[in-house]
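Chain residues, written in single-letter form:
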Amino acid sequence: MQTDKKFDDLISKAPKPKMSKDFWARFDAELGAKLDGAEVRRISVKSAVFEAFGDFAAVFRDAEFKRALATASAAVMVVGFSIIFAAKGGPGLYSVSSLTSDELVDEIVMLDAYPASENIIDF
Amino acid sequence: MDQETGLIERAKNGERAAFDSLVDMHKEKAFALAFSFIGNVEDAKDVLQEAFVKAYVGVINFRGSSKFYTWLYRILVNQCKDFLRKKKAKSGVFLDPLPISEEDGDGVPEAVDPAPLPSQAVLDRETRQMINEAISGLPEKQKAVFMLKHIQGMKLNEIAETVGCSESTAKVHLFRAVRGLRCKLTKSLTI
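The structure presented is a predicted model; accordingly, all values stated were derived computationally and were not measured. (Residues numbered from 1 in each chain as written. Chains lettered and ligands numbered in written order. Predicted model: local features only at pLDDT ≥ 70, side-chain atom pairs only at ≥ 80, totals over all residues. Heavy atoms only, no water.)

1. As for the overall build of chain B
Regarding its fold elements, chain B presents 8 helices and 0 strands. Helices and strands appear in chain B in the N-to-C order α-α-α-α-α-α-α-α. Burial statistics for chain B: of 191 residues in total, 47% are counted as buried. When contacts within chain B are restricted to residue pairs at least 6 apart in sequence, those whose partners lie at least 24 apart make up 66%. For chain B, the accessible surface area stands at approximately 9800 Å², while carbon and sulfur atoms represent 51% of it. (Helix = DSSP H or I, 4+ residues; strand = E, 2+ residues; numbered from the N terminus. Buried < 20%, exposed > 50% of the residue type's maximum accessible area, 1.4 Å probe, protein only. Contact = heavy atoms within 4.5 Å. Areas by Shrake-Rupley, 256 points an atom, 1.4 Å probe, with all protein chains shown as cover.)

2. Some details on the overall build of chain A
Tallying secondary structure elements over chain A gives 4 helices and 0 strands in all. Along chain A, helices (α) and strands (β) appear in the sequence α-α-α-α when read from the amino end. Counting over 123 residues, chain A shows a buried share of 16%.

3. Brief notes about the packing of helix H2 (residues 16-38) of chain B against helix H4 (residues 68-87) of chain B
All names here are of chain B. Between H2 and H4, whose axes approach to 10 Å, the crossing angle comes to 35°. Relative to H4, H2 is oriented so that their crossing is right-handed. Touching Leu22, His26, Lys29, Ala30, Leu33, Ala34, Phe37 and Ile38 of H2 are Phe68, Tyr69, Leu72, Tyr73, Leu76, Val77, Cys80, Phe83 and Leu84, all from H4. For the contact of H2 with H4, a count of residues per class yields 15 nonpolar, 1 polar and 1 charged. (Axes fitted to C-alpha atoms, helices over the stretch in contact; angles between N-to-C directions. Left-handed = near helix turned anticlockwise from the far one by under 90°. Nonpolar A, V, L, I, M, F, W, Y, C, P; charged D, E, K, R; others polar.)

4. Observations concerning a nonpolar patch on the surface
All names here are of chain A. A cluster of nonpolar side chains, Phe56, Val59, Phe60 and Leu69, forms an exposed patch at the surface whose accessible area comes to about 360 Å². Per element, the largest residue contribution to the nonpolar patch is 3 residues, and it comes from helix H2 (residues 21-61). Topologically, valine 59 is positioned in helix H2. (Patch = residues over 30% accessible without salt bridge, like charges linked within 9 Å, V, L, I, M, F, W, Y side chains within 5 Å. Salt bridge = Lys/Arg side-chain N within 4 Å of Asp/Glu carboxyl O.)

5. Description of the side chain of B:Thr162
Residue and element names in this part refer to chain B. When you line up the elements, threonine 162 lands in helix H7 (residues 156-163). Since its relative accessible area comes to 0%, threonine 162 is described here as buried. With sequence-adjacent residues up to four places away left out, threonine 162 is seen in contact with Thr70, Tyr73, Arg74, Val77, Leu148 and Met154.

6. Considering the confidence of the model for chain A
In the predicted model, chain A carries a mean pLDDT of 73, and the fraction of residues at 70 or more is 53%. When pLDDT is averaged over each element of chain A, helix H3 (residues 63-89) of chain A comes out on top at 84 and helix H1 (residues 2-12) of chain A at the bottom at 60. (pLDDT = per-residue confidence, 0-100.)

7. Describing the packing of H4(B) against H7(B)
Residues and elements named next belong to chain B. Two elements in contact, H4 and H7, have axes whose closest approach is 8 Å; the angle formed by their N-to-C orientations is 45°. Compared by their axis directions, H4 and H7 come out oblique. H7 is crossed by H4, and the crossing has right-handed handedness. Contacts between H4 and H7 involve Tyr69, Thr70, Tyr73, Arg74 and Val77 on the former and, on the latter, Glu158, Glu161 and Thr162. By residue class, the composition of the contact of H4 with H7 is 3 nonpolar, 2 polar and 3 charged. (Parallel < 35°, antiparallel > 145°, perpendicular 65-115°, else oblique.)

8. A few points about the packing of aromatic side chains
To describe a pair of aromatic rings, you give the distance between the ring centres and the angle between the ring planes. Going through the model one piece at a time under the given rule, you end up with 12 aromatic pairs over all chains. A centroid spacing of 5.2 Å and a plane angle of 75° characterise the contact between A:Trp24 and A:Phe27, whose relative ring orientation is edge-to-face. Taken as a pair, A:Trp24 and A:Phe27 lie in helix H2 at a separation of 3 residues, close to a single helical turn. Each member of the pair, A:Trp24 as well as A:Phe27, is classed as buried. Between the aromatic rings of A:Trp24 and B:Phe31, the centroid separation amounts to 5.7 Å while the plane-to-plane angle is 80°, which identifies the pairing as edge-to-face. With A:Trp24 in helix H2 and B:Phe31 in helix H2, this residue pair bridges two chains. Among the aromatic side chains, those forming a connected cluster through ring pairs are A:Phe23, A:Trp24, A:Phe27, B:Phe31, B:Phe35 and B:Phe52. (Phe/Tyr/Trp six-rings, centres within 6.5 Å; stacked < 30°, edge-to-face > 60°.)

9. Things to note about the nonpolar core
B:Phe19, B:Phe31, B:Phe37, B:Leu76 and B:Phe146 are the most contacted members of the largest nonpolar core, which has 63 residues in total. The element contributing the most residues to this core is H2(B), with 11 residues. Apart from residues lying up to four places away in sequence, B:Phe19 is in contact with A:Leu35, B:Ala11, B:Phe52, B:Ala55 and B:Tyr56. (Core = buried A, V, L, I, M, F, W, Y, C linked by side-chain atoms within 4.5 Å.)

10. Concerning the environment of B:Ser21
Residue and element names in this part refer to chain B. Residue placement: serine 21 occurs in helix H2. Among the residues examined, serine 21 registers a relative accessible area of 30% and is labelled partly exposed. Measuring from C-alpha to C-alpha, the distance between serine 21 and glutamate 4 comes to 8.9 Å, with 17 residues separating the pair along the chain.

11. So, H2(B)
Residue and element names in this part refer to chain B. Along its 23 residues, H2 runs just 28 Å from first to last C-alpha, ending more than 12% under the 33 Å computed at 1.5 Å per residue. Lysine 27 marks where H2 bends most, by close to 50°. At the C-terminal side of H2, glycine 39 shows a positive phi close to 95°. (Expected span 1.5 Å × (residues − 1). Bend = angle between axes of the 7 residues up to and from the residue.)

What follows is the structure in structure tokens.
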């Protein structure tokens with residue numbers, strides 16, 4: 001019991017370091033310098049991000065770029081629509097697994113009629 | 001607390017003077033915590049400064065769901081742990097002689113009875129040294145919880161938030177820390 005009480009007393013009165021005014025003056029000066037460095041880094045990161053965004057946005061204001069972008073967009077649309085409509089027109093390709101047994105037999109018969117090098121259906 | 005809330009808002013808006021005020025409010029207690037982990041003045045000072053720098057950069061993300069000092073202590077505890085891992089030091093608590101401000105005049109440590117009997121003073125010093133060594137031998141989490149409770153006087157919910165665990169886990173860590181210390185010290189302490 002006495003041991004427990006002694007233990008509790010000593011633990012509860014655990015001394016805290018008491019530092020001098022000189023120590024805290026030095027602490028504040030050093031911390032101030034470190035915070036200044038952190039502030040500079042924070043500002044430079046922020047301004048680098050804004051600068052990059054500004055440069056990116058400036059590209060879209062250029063007349064030549066706008067013309068080139070419009071041409072490229074039109075070309076993509078033309079090619080895209082061509083592919084869509086071309087696929088709708090012809091028989092196209094289909095998966096062998098989608099064939100019924102009778103259709104599969106017909107395909108095999110057709111294959112037989114062609115040279116091996118022209119066989120394109122891979123089971 | 002209202003004053004602190006105002007300072008925090010101003011610090012989040014980038015006002016350096018407000019953050020400096022927050023530092024002044026918390027630096028002494030935070031230093032005591034850092035010193036209890038690290039064991040020497042210069043390293044504790046450096047670790048604490050690094051923690052404040054991290055807090056300064058991260059204050060913009062502080063949502064106010066916990067108290068400011070709980071959030072700050074969490075950064076500090078993690079900094080202390082990182083420092084100790086890097087140094088691979090098993091620094092004891094108070095390995096350096098306890099710093100005493102010369103302005104006190106009599107050079108008596110704060111927590112010691114100013115007029116003890118000589119034998120009692122020696123016994124207290126030796127006992128404290130044994131306790132310090134026993135604390136330094138605790139596992140990391142138990143040591144953190146124990147010091148936040150008994151040295152910083154924090155409540156369990158605040159300790160849980162600081163070390164990043166649930167309140168019940170913090171209770172378990174504390175229970176094990178105290179049990180471990182009692183076992184180690186029972187034979188050494190005079191009954």
